[in-house]
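Residues per chain are reported as follows:
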Amino acid sequence: MTPTAPSASPGNQAGPDGDPSAQAVVLDAVHKRYGDRNAVDGVSFTVRRGEFFGLLGPNGAGKTTLVEIMEGQRKADSGTVTVLGTSPWPRNPELLPRLGVQTQSSAFFVRLTAREHLRTMAALYRTDHAAADRALASVGLTEQGGTRVDDLSGGQRQRLAIASALVHEPEVIFLDEPTAALDPQARRALWQVLRDLKGEGRTIIYTTHHLDEAEALCDRVAIMADGAVVALDSPAHLIAAAAPTTRLVVPDDRITLEQAQAIEGVDAVTEEPGALVLETLESGKVLAAIDALAGLRGVQTRTAGLEDVYLALTGTGTGFDGGTTPQR
Ligand SMILES: Nc1ncnc2c1ncn2[C@@H]1O[C@H](COP(=O)(O)OP(=O)(O)OP(=O)(O)O)[C@@H](O)[C@H]1O
């Protein structure tokens, strides 16, 4: 299946993507079946070097299978897979040190301290001790370097899992829900760690169920459903293409239903407790009309988010009720 609107571009077109040195991962018509189940059903896209690339989709959409194929842990049934200019299958000893893999079930040497754990990982990769300290610092765990892995908090362990994937300074990093089970504060702290990694020029392939996170962090996201990519673009483009309608929320003591319906450019008006919701494709014009009628105090613009696009594309969507922005 070909990616559909809002973006038909799988990212394999000419332009910067056509330059192999600018490509971290290139997938072309990748298929993988388990029995009669199409886990990955003809996926094609390119991840650019230095890109923060999100892979989204409901449970069973095929994300893990696809990531495992990119990592060289699984063989595709057909199609071509190129990672840093080479095939990851069969397992390629030259390629492995250039990839970093964090999984939700990352294994730790729990009786060691965080620093000892990373030094052990560094030794396995034949990297020096200093690399372990750099990895600790890059996830903000320097102070916990002497703490036994057993005694780290959940958030600190998640960060250690990322540090373990980084210790050999890989060019491409695969992260599988790295913020799962973190409290909001720890989650935000980790966002900064991830932004810093991107700032260092690393390519990040990021699987998550947190749509706000994908919207905040990812340069582009691929949304998968039933083994296929159903949309691929930047979060902003996906949102703009999928939800051109703006909803203006006006307190119901400001204008009447009849006045709202009579405003030129208003496509529909619905009533909510305490407010009228005006749908329009011409928000500037309609806001000017509301301003002339009643002023803009208390009027809010309701915008769609990536979650609304995702729900619509993966078959569970309703009308959007994303974030609201006061007009004044
Ligand atoms: N080893 C396997 N043997 C048989 N079927 C499998 C195997 N691994 C995955 N599947 C099936 O392939 C499909 C895709 O699974 P996959 O784990 O890739 O999806 P996912 O998008 O990563 O899901 P989740 O978000 O739950 O991790 C599912 O129907 C799953 O049951």
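Coordinates for the structure precede this section.
A short tour of the structure in this document, coming up. (Residues numbered from 1 in each chain as written. Predicted model: local features only at pLDDT ≥ 70, side-chain atom pairs only at ≥ 80, totals over all residues. Heavy atoms only, no water.)

1. Some details on the layout of surface pockets
Taken as a whole, the largest pocket encloses approximately 360 Å³ of empty space. Elements with a contribution of two residues or more to the lining of the largest pocket: β5 (99–102) and α4 (154–166). Residues belonging to the lining of the largest pocket are distributed by class as follows: 9 nonpolar, 5 polar and 2 charged. (1 Å grid on protein atoms, 1.4 Å probe; cavity = no way out; pocket = protein on both sides within 12 Å on 5 of 7 lines; lining within 4 Å. Points joined across faces, edges and corners; volume = space filled by probe spheres on them. Helix = DSSP H or I, 4+ residues; strand = E, 2+ residues; numbered from the N terminus. Nonpolar A, V, L, I, M, F, W, Y, C, P; charged D, E, K, R; others polar.)

2. Points about the environment of Glu200
Residue placement: Glu200 occurs in the loop between α5 (184–199) and β7 (203–207). Exposure remark for Glu200: the relative accessible area of 44% places this residue in the partly exposed category. With 29 residues separating them in the primary sequence, Glu200 and Glu171 have C-alpha atoms 9.8 Å apart. (Buried < 20%, exposed > 50% of the residue type's maximum accessible area, 1.4 Å probe, protein only.)

3. Side note on the site of the ligand
Around the ligand, the surrounding shell holds 13 residues, and the nearest of these are Gly60, Gly62, Lys63, Thr64 and Thr65. Note that an oxygen atom of the ligand is positioned 2.9 Å from one of the side-chain N or O atoms of Arg37. Contact between the ligand and Lys63: an oxygen atom at 2.8 Å from a side-chain N or O atom of the residue. When the ligand is considered free in solution it has 630 Å² of accessible area, and contact with the protein chains removes 61% of it. Of all elements in the fold, only β2 (37–48) and α1 (63–71) reach the threshold of two or more residues within the shell around the ligand. Looking at which element gives the most residues to the shell around the ligand, the answer is α1, with 3 residues. (Near = heavy atom within 4 Å. Polar contact = N/O pair within 3.5 Å; in protein donor to acceptor, adjacent residues only side chain to side chain. Areas by Shrake-Rupley, 256 points an atom, 1.4 Å probe, with all protein chains shown as cover.)

4. Section: the sheet that holds strand β4 (residues 78–83)
Strand order in the open sheet formed by 3 strands is β2-β1-β4, with antiparallel pairing between adjacent strands. With one partner strand each, in any of the chains shown, β2 and β4 form the two edges of the open sheet. When strand polarity is set aside, the average angle formed by the axes of neighbouring strands in this sheet is 15°. As paired strands, strand β1 (residues 23–34) and β4 are joined by 5 bridges and run antiparallel to one another. Within the sheet, the bridge partner assigned to His31 lies in β4 and is Ser78. (Pairing = 2+ DSSP bridges. Axes fitted to C-alpha atoms, helices over the stretch in contact; angles between N-to-C directions.)

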